[in-house]
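Fold and contact review
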Amino acid sequence: MADAQSPALAEVVLGRPKNPDPDAACRFDQVEAPVTIVIFGVTGDLAGRMLMPALASLFAGGHLPDNFAIVGASRTDLTDESFRERMRTSIAEHDGISPDLWDKMAARLTYRQVHYDDPASFRVLSDYLDELGQSAGLGGNRIYYLAVPPTAYEDIAINLAMAGLADEVRGYARLVIEKPFGRDLQTARILEQALHTRFAEHQIFRIDHYLAKETVQNILMLRFANAMFEPLWNRRYVDYVSIMAAESIGVEHRASYYDHFGVLRDMFQNHMMQLLSLCAIEPPSLFEAELVRDEKTKVFRALRPFTQRDLAENLILGQYASGMAGGVRAPAYLDEEGVPSESLTPTFAAMKVYVDNWRWQGVPFYMVSGKRLAAKRTEIAVQFKPVPFSMFRELFGDHIKANRLTLRIQPDEQVSLTFQAKAPGPMCLRSVTMNFNYYQGYEGPALTAYAKVLLDCMLGDQTLFWRQDGVELCWKFLEPMLGDPAPERLYLYKAGSWGPQEAGRFLKVHGLTP
Ligand code: BG6
């Protein structure tokens, strides 16, 4: 496939800027080993909306190895041709790809009908993969991406293993799954046992697409590639940390899933916990998957368990009522199609948690996430303590506003630092903000989160993936909060607002009011 590559592979894999900054330190990884990517559930929403466009962008950017194949697999009866046509439409609806490049990519796409609970189907698939591997010189490296409902994970894992497809004799065999990893601690363990009897931990890639967001990856760089933040990054100087993931959309067409999960399982057990861990971890001795994940595990272990009192005082759950969102009338959660009229599923949660260790003792971490809020905004605020003593007290009084570091994860990705400065002219102290726009001065390609995880999976780098111990510790922490709230403890908020009144103190830290 060398003809499809434009710049040298090494230059594009992690995106070399067009005008390389001579001071920039870059690591340019290369995917060279041939691979066959089998996508189960390829006719579904995730594959069409995210995976195929991500693969197309990797292909267009020259990121894929010279020799690769994509095999679509699902229950639907399709020919190779009709499969290619579907994928062409999906890609065209998203990022698009030139007709010329599409023809080259389409030649790598084939389709096989597979019944997930039928071992015979997997034996046929295995024969096909062997045949394809030999005729196209693909070798034995395989990625199995399970873009299917989690209820199908176990069947697919068992049947892959029974057909010999989990063996790593002639190359790697990697299983990619996405949350939810269970619905609570018990079901997460059941899933884990089912997968682990067939695949070893190093073969399982548990995606959290937040970890692959550029600005989330940047958190560790900001903290540990600079000398000036880390000395202050602790209980002596930090007053609190606040993490917010606000969404303006409602449940969309996913009510049957969402109503069973709610915001705590959908956003907190995974994305929010990862953001928290990145803010709180100790510096690993090396930026390497196991060492980074070891440190995250220590944070999850140090989460102070919620008591009955915390449930009453430090957890606010809400559900959206009707309102105006984005200038149009939005229905209440209970009126969304597929939501039971009595549902007590929370679509909003705010909580105050503590990390009980030497660095963070006594520093609250506020966490807020919800659907149908006034805007889409994911943001981390590190609020520093005020100066210990004001020598300016006779001029401005005792109170001087404290510093704040804000990491805007999305949209308008930026890092801003608010500090005090003298205003020009009269003796006035004012708060000013220095902004670093994340994309400023960069003209190279950006990788979408799904492109990044697919790439890392081919590279065998698990840094941005969940490890099972972390999954279980987070379920354990959330467990006391997972039952249906009492109706009077589920606060309604207007669609298009910033959440229930009761969450005011959590939102205030982001300068928002309910
Ligand atoms: C998903 C959740 O994991 O993340 C969705 O299931 C949520 O409910 C989505 O909308 C948010 O992701 P992003 O990238 O849009 O912030």
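Residues numbered from 1 in each chain as written. Predicted model: local features only at pLDDT ≥ 70, side-chain atom pairs only at ≥ 80, totals over all residues. Heavy atoms only, no water.

Applicable threshold: UniProt positions are given in the numbering used here, feature names are shortened, and annotations may be inferred rather than shown by experiment.
The name an unreviewed UniProt entry assigns to the protein chain is Glucose-6-phosphate 1-dehydrogenase, from the organism Solidesulfovibrio carbinoliphilus subsp. oakridgensis. In its Sequence similarities (unreviewed entry) section, the UniProt record describing the protein chain reads: "Belongs to the glucose-6-phosphate dehydrogenase family."

Things to note about the overall build of the protein chain
Where we set the bar: Per the convention used, a helix needs a DSSP run of H or I reaching at least four residues, while a strand needs a run of E reaching at least two, with both numbered from the N terminus. Radius of gyration: C-alpha atoms only; globule rule: 2.2 Å multiplied by the number of residues to the exponent 0.38. A simple rule labels every residue: compare its accessible area, found with a 1.4 Å probe on the protein chains alone, to the largest value its type can have, and call it buried under 20%, exposed over 50%, or partly exposed in between. In what follows, residue pairs with any heavy atoms lying within 4.5 Å of each other are defined as contacts. Shrake-Rupley sampling with a 1.4 Å probe provides the accessible areas, and residues are treated as covered by the protein chains on show and by no other component.
Along the backbone of the protein chain there are 15 helices and 18 strands. By the compact-globule yardstick of 24 Å for 514 residues, the protein chain fits well, its C-alpha radius of gyration being 24 Å. C-alpha extents for the protein chain along the principal axes are approximately 85 × 60 × 45 Å. Taken across its 514 residues, the protein chain has 55% of its residues classed as buried. A separation threshold of at least 6 residues defines the contact pool for the protein chain, and within that pool the share at least 24 residues apart is 76%. Carbon together with sulfur atoms contributes 53% to the accessible area of the protein chain, which is approximately 22,700 Å² in total.

Observations concerning helix α14 (residues 468–478)
Across the eleven residues of α14, nine count as buried, placing the element largely inside the fold. Listed as buried for α14 are Gln468, Gly470, Val471, Glu472, Leu473, Cys474, Trp475, Phe477 and Leu478. Structurally, α14 contributes buried residues whose contacts are with α7 (185–196), β6 (204–207), α9 (255–280), α10 (289–302), β11 (348–354) and β17 (465–466).

Topic: the pattern of salt bridges
Our working rule: Each salt bridge in this description consists of a side-chain nitrogen of Lys or Arg and a carboxyl oxygen of Asp or Glu lying within 4 Å of one another.
Tallying each qualifying case throughout the model produces 25 salt bridges. Salt-bridge contacts for arginine 359 lead to glutamate 230; the nearest nitrogen and oxygen are separated by 2.7 Å. Placement of arginine 359 in the loop between β11 and β12 (364–370) and of glutamate 230 in the loop between α8 (214–224) and β7 (238–246) is noted, with a sequence separation of 129 residues between them. We note that arginine 359, like glutamate 230, is buried. We note a salt bridge from aspartate 356 to arginine 304, for which the minimum N-O separation is 2.9 Å. With aspartate 356 in the loop between β11 and β12 and arginine 304 in the loop between α10 and α11 (308–313), this residue pair connects regions lying 52 residues apart in the sequence. The network of salt bridges with shared partners includes Glu290, Arg293, Asp294, Arg467 and Asp469.

Considering the side chain of lysine 213
To keep it simple, the criterion reads: A residue counts as positive if it is Lys or Arg and as negative if it is Asp or Glu; His and the chain ends are not included.
With respect to the secondary-structure elements, lysine 213 resides in the loop between β6 and α8. Buried charge without a partner: lysine 213 forms no salt bridge, and the closest opposite charge is glutamate 413, 7.5 Å away. If we ignore the near neighbours within four places in the chain, the residues touching lysine 213 are Ile409, Gln410 and Ala449.

Considerations on the packing of aromatic side chains
Test applied: Aromatic pairing here means that ring centres of Phe, Tyr or Trp (its six-membered ring) are within 6.5 Å. Orientation follows from the plane angle: under 30 degrees is stacked, over 60 is edge-to-face, and everything else is tilted. Whether a charge sits over a ring comes down to the Lys NZ or Arg CZ being within 6 Å of the ring centre and within 35 degrees of the ring normal.
For the structure on display, the rule yields 18 aromatic pairs. Their ring planes at 25° and their centres at 4.8 Å tell us that tyrosine 257 and phenylalanine 261 sit as a pair that is stacked. Taken together, the residues span about one helical turn, with tyrosine 257 and phenylalanine 261 both in helix α9 at a distance of four residues. Taking 5.7 Å as the distance between ring centres and 15° as the angle between the ring planes, the aromatic pair formed by phenylalanine 300 and tryptophan 466 counts as stacked. Of the two residues, phenylalanine 300 sits in helix α10 while tryptophan 466 sits in strand β17, which places them 166 residues apart along the sequence. By way of ring pairs, the aromatic residues Tyr258, Tyr320, Tyr333, Phe348 and Tyr493 are connected into one cluster. Stacked on the ring of tyrosine 128, the Lys or Arg arginine 112 has its end atom at 3.7 Å from the ring centre. Positioned above the aromatic ring of tyrosine 172, the side-chain terminus of arginine 174 is 3.5 Å from the ring centre.

Topic: the site of the ligand
Stated formally: We call a residue near a molecule or strand as soon as one heavy atom of that residue lies within 4 Å of the molecule or strand. Pairs of N or O atoms are called polar contacts if they sit within 3.5 Å, as long as, within protein, a hydrogen donor faces a hydrogen acceptor (for residues adjacent in sequence, only side-chain-to-side-chain pairs). Classification used: nonpolar for Ala, Val, Leu, Ile, Met, Phe, Trp, Tyr, Cys and Pro, charged for Asp, Glu, Lys and Arg, polar for all others including Gly.
The ligand sits among Lys179, His209, Tyr210, Lys213, Glu247, Arg254, Asp266, Met267, His271, Lys371, Lys376 and Gln410. For the ligand, an oxygen atom lies 2.8 Å from a polar atom in the side chain of lysine 376. One of the side-chain nitrogen or oxygen atoms of glutamine 410 is found 2.8 Å away from an oxygen atom of the ligand. In terms of residue count, the dominant contributor to the shell around the ligand is α9 (three residues). In the shell around the ligand, the residues fall into two nonpolar, three polar and seven charged.

Structural notes on the UniProt feature "binding site: NADP(+)" (unreviewed entry) in the protein chain
As annotated in UniProt, the feature "binding site: NADP(+)" (unreviewed entry) corresponds to Arg75 and Lys179 in the numbering used here. Other than its neighbours up to four places away in sequence, arginine 75 contacts Tyr111, Gln113, Val114, His115 and Tyr116. Following the sequence through the fold, lysine 179 ends up in the loop between β5 (173–178) and α7. Dropping the residues within four chain positions of it, lysine 179 is found in contact with Tyr153, Ile207, Tyr257, Asp266, Asn270 and His271.

Let's talk about the sheet that holds strand β2 (residues 68–74)
So the rule is basically this: Strand pairing is assigned whenever DSSP detects at least two bridges linking the two strands. Fitted lines through C-alpha atoms serve as axes, helices being fitted only where they are in contact, and the angles separating the N-to-C directions of these axes extend from 0 to 180 degrees.
Reading across the sheet, the seven strands line up as β3-β2-β1-β4-β5-β6-β17 and stay open at both edges, with mixed pairing between neighbours. If you trace the sheet from one side to the other, it starts and ends with β3 (109–113) and β17, each paired once. Bridge count between strand β1 (residues 35–40) and strand β4 (residues 142–146): five bridges; the pairing is parallel. By the bridge assignment for β4, valine 38 is matched with tyrosine 144. Contacts from helix α6 (residues 153–162) reach β1, β4 and β5, with the element oriented near 175° to β5.

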